[in-house]
Every structure is written in C-alpha cells, then in structure tokens.
Amino acid sequence: MAHLAALSQLHVSLAAPAGSDTPLRRSAFKVQNISFGGKSWAPALALDLKSRNAGLTKRLSVCMSVQQASRSKVAVSPIELEDAKEPPLNTYKPKEPYTATIVSVERIVGPNAPGETCHIVIDHGGNVPYWEGQSYGVIPPGENPKKPGNPHNVRLYSIASTRYGDSFDGKTTSLCVRRAVYYDPETGKEDPSKNGVCSNFLCNSKSGDKVQITGPSGKIMLLPENDPNATHIMIATGTGVAPYRGYLRRMFMEGVPKYKFGGLAWLFLGVANNDSLLYDDEFAKYLQDYPDHFRYDKALSREQKNKSGGKMYVQDKIEEYSDEIFKLLDDGAHIYFCGLKGMMPGIQDTLKKVADQRGEKWDEKLSQLKKNKQWHVEVY
C-alpha cells in the first residue's frame, strides 16, 4: 500500500508472477515524463527479480516525492471505463466464476491492533469491471462441508479501490479483509477448525495464487456523480471503510476527466485503536491537500472517551457533530453506512435522540432520506 506522508515518499508497488497472463507493462504506470509545477519529472524504475518457490516474482517500484507531487493527480486508463451508463452487474455468477490472480497481500494494521486486516490486490485482467461502491464475491477453494461435493458458498467483499484499481490501469481490484479467527471461550485458544474459511484463504494467499471471483454486485453504495459538488458523509467501522477508499481515491487521487469533485467528503471511521486505522496515511494526505473538501474524524474505542466517560464509538462522533450533519442532510447530503451490522442500532438510536432534541420525528426524516436516495446502508 502506498504510504502517503508529507515528508516521505509515495511508493506504489505491483507484484505479479513471471509468466502470468498479465505481464507488467511500463504504460500501466504512465512512465513518460510528467510535469509538476512546470518542471519535468521522469520516474525512476527499479526492476527486482527474485526467486520464489518455482517461479520468479517481478516487482516494479515507482517512487516520487510527495511534496513535489502535492495535489497532482494520477492519470488513469482506459477512460472507456467512464462510458457505461449503468454499472456492470453479475458479469460472473457462482456457477461460472472468473479465475483471477492474486497480485499481493499486505497486512495493513500495526502490531497492537486486535486481529489482522489485509489489503489484497487481485488481477482480473480487465475482464471483471466494476464501479466504486460495488462488491466482488469470492469462492474459497475446497468443498462445502454442509454440501459434500459442492464448492463453498460465495462470500461478498466490498471493493476497496476505484474502477481503475491500485495500478490505475483498470486491470486490478483491491479488497480489505479482516482475518476471521475463532477463540474457544473456555480455553482462550484459537480453534482453526472454526476460523473463517474465505478470509483466512485470502489473507494466507501469495502472489500468483488463483482465486475464483463473482460479480460485481450491488447498487445501493454506488457513488452518485450527477452532482460533483454534493456532500458525502461516510460512516464506517473497521473494514467497512473499503468502499470509501474507492470514493476518495476517485475524488482526490485520480485525474478522471469526466468527474471533477468540488463538494465535501466527510469520513467517520471507528476502530479499536490507532494501530487499527486503515488507509490512514492516504486519508491524512487528502486532508492536507484538500482541507476545504475533505474532513476526517476517528473514533478509537480503546483509546478515546466519549462525553460520558465511556468508550468512543462512531455514533458518539456522529452525536458530537449532529447539528452539522442534520443541516447537511437537510441540504441534500448523502449519508453512507458500511461495516458490521451491529453498528446500526447504536447509530440509529443516536440519530433518533438528536432528532427528538431538534423537535423532529426521526421515522419521518428517515423515510424522506430514503425516498430522496440520500440514505445508503451496506452492513454484514
């Protein structure tokens, strides 16, 4: 993952097995001279060949100074991905999935995070296009224990990249996956037989491994682009931040000719502690470069206290800014919720309490938000 800090370097890495169906191409990274502030900059390319098991891994690195590239956007291709009037839906179905290739798997949480979360880049060769806010299905290898002789059921994962992927060439997708581990309540020890089959398969994968994917699916979390100056309030717990990473890269990182964002994107992210923050460097960079268009609030339940002295959850942050949020909703803002389904009761209770304090009826307000297509929920 690219680590974006003001005084550091931006490092984009793509790994693929030698002899794979999709060879690395210089054009994918726009390696021709690029102009920043009137000065020409030619990226340095390093090709490192390493032996790995039976094959070789090619690793291409592109480095550039963040200061030098400040607020410069990345060129994307193919621009034809902008032409479709409707999102692609269920191009590949469970009975006939697409065989994609794992590009990379990277742990993206610190040592003090409870659990492990990985950023997984998958090469689909441009054959399974998607829009921001959609999901891929993954079918882990092996047999369904409840249906002997049949494959496992599809597991859905929100896509954590734009339609152009992390390599900006429309050929990859990224998933944000937390490894599901089961601990016996009596012994406190891990029981591998009850661990999440698909999340562990993905987090254990290596570059070059094959993965069966379906989709893309979903329309509820699509980013409405009819008004480029709209306000988008994004609320996430944990890996629920995945679709918002795609939105924000499209708004602030990529030079998309047909979408020039001029509105406000406001992200609320709830995690356990600072080590559990996901894509924090990317979001911090947007905050630095686009302070008038991006806001970022974190709820760290194990490190922060709410106004009552209890743990700080994302609903506490919502309550803290409730007046602003309600005014923005009244002005047509879109609000999104993504994460574990357990997040919604606390959030709904908070919003109802705030509405009551404002002399409004929450049920009526919610109904109107849904009618206006301002309310977007994807929980699991």
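Worth saying up front: this structure is predicted, and the values here are computed from it rather than measured.

1. What about the sheet that holds strand β13 (residues 231-237)?
Pairing is parallel in the open sheet, where five strands are placed in the order β16-β15-β13-β17-β18. Each end of this open sheet is capped by a strand with a single partner; those strands are β16 (294-300) and β18 (375-379). Recorded for the sheet is a direction-independent mean angle of 10° between the axes of neighbouring strands. Of the pairings in the sheet, the one linking β13 to strand β17 (residues 334-339) comprises five bridges and is parallel in character. Bridging from a neighbouring strand, H232 pairs with H334 of β17. With respect to the sheet, helix α5 (residues 322-330) is in contact with β13, β15 (264-271), β16 and β17, its orientation differing from that of β15 by roughly 135°.

2. Points about unusual backbone geometry
Going from S77 to P78, the amide bond is cis rather than trans, its omega being -5°. Mapped onto the fold, P78 is located in the loop between β6 (74-75) and β7 (98-107). A cis amide bond links G215 with the next residue in sequence, P216, at an omega value of 0°. Position of P216 among the secondary structure elements: in strand β12 (residues 210-217). With a phi close to 60°, Y279 is a non-glycine residue in the positive phi region. Along the chain, Y279 falls in the loop between β15 and α3 (280-289).

3. Here's the deal with the pattern of salt bridges
Applying the stated criterion across every chain, the model contains 24 salt bridges. A salt bridge links R163 to E82, with the shortest nitrogen-to-oxygen separation between them at 3.8 Å. Placement of R163 in the loop between β10 (155-158) and β11 (172-178) and of E82 in the loop between β6 and β7 is noted, with a sequence separation of 81 residues between them. With respect to burial, R163 and E82 carry one shared label: buried. As a salt-bridge pair, R179 and E116 come within 2.7 Å of each other at their nearest N and O atoms. In this pair, R179 sits in the loop between β11 and α1 (197-204) while E116 sits in the loop between β7 and β8 (117-123), placing the two residues 63 residues apart along the sequence. The exposure class of R179 is buried, given its relative accessible area of 17%. Shared partners join several salt bridges into a network, and the residues in it are E82, E132, R163, E225 and R250.

4. Some words on the UniProt feature "binding site: NADP(+)" (unreviewed entry) in the protein chain
As annotated by UniProt and renumbered to match this structure, "binding site: NADP(+)" (unreviewed entry) occupies S158, R178, T239, S301, R302, K311, G339, L340 and E378. Within the element layout of this structure, R178 appears in strand β11. Each residue touching R178, except ones within four places of it in the same chain, is listed here: P114, G115, E116, T117, S199 and T239. Of the polar contacts made by the side chain of R178, one reaches the backbone oxygen of P114; its length is 3.0 Å. Residue class for S301 comes out buried when judged on its relative accessible area of 13%.

5. Considerations on the confidence of the model for the protein chain
Summing up the model confidence of the protein chain, the mean pLDDT is 84 and the portion of residues at 70 or higher is 81%. Scored below 50 in pLDDT, residues 1-70 shows 125 contacts in the model against residues more than four places distant or in partner chains.

6. Looking at the sheet that holds β10
By definition, the strands of a sheet pair up through backbone hydrogen bonds, in either a parallel or an antiparallel sense. Taken in spatial order, the six strands line up as β10-β9-β12-β7-β8-β11 in an open sheet, and their pairing is antiparallel. Looking at strand neighbours, the two that pair on one side only are β10 and β11, the edges of this open sheet. For this sheet, the mean angle separating the axes of adjacent strands, direction not counted, is 40°. In this structure, β7 lies alongside β12, joined through four bridges in antiparallel fashion. Across the sheet, the residue bridging to T99 is Q212, located in β12.

Criteria and thresholds
Residues numbered from 1 in each chain as written. Predicted model: local features only at pLDDT ≥ 70, side-chain atom pairs only at ≥ 80, totals over all residues. Heavy atoms only, no water. Pairing = 2+ DSSP bridges. Helix = DSSP H or I, 4+ residues; strand = E, 2+ residues; numbered from the N terminus. Axes fitted to C-alpha atoms, helices over the stretch in contact; angles between N-to-C directions. Contact = heavy atoms within 4.5 Å. Salt bridge = Lys/Arg side-chain N within 4 Å of Asp/Glu carboxyl O. Buried < 20%, exposed > 50% of the residue type's maximum accessible area, 1.4 Å probe, protein only. UniProt positions renumbered as here; feature names shortened; annotations may be inferred. Polar contact = N/O pair within 3.5 Å; in protein donor to acceptor, adjacent residues only side chain to side chain. pLDDT = per-residue confidence, 0-100.

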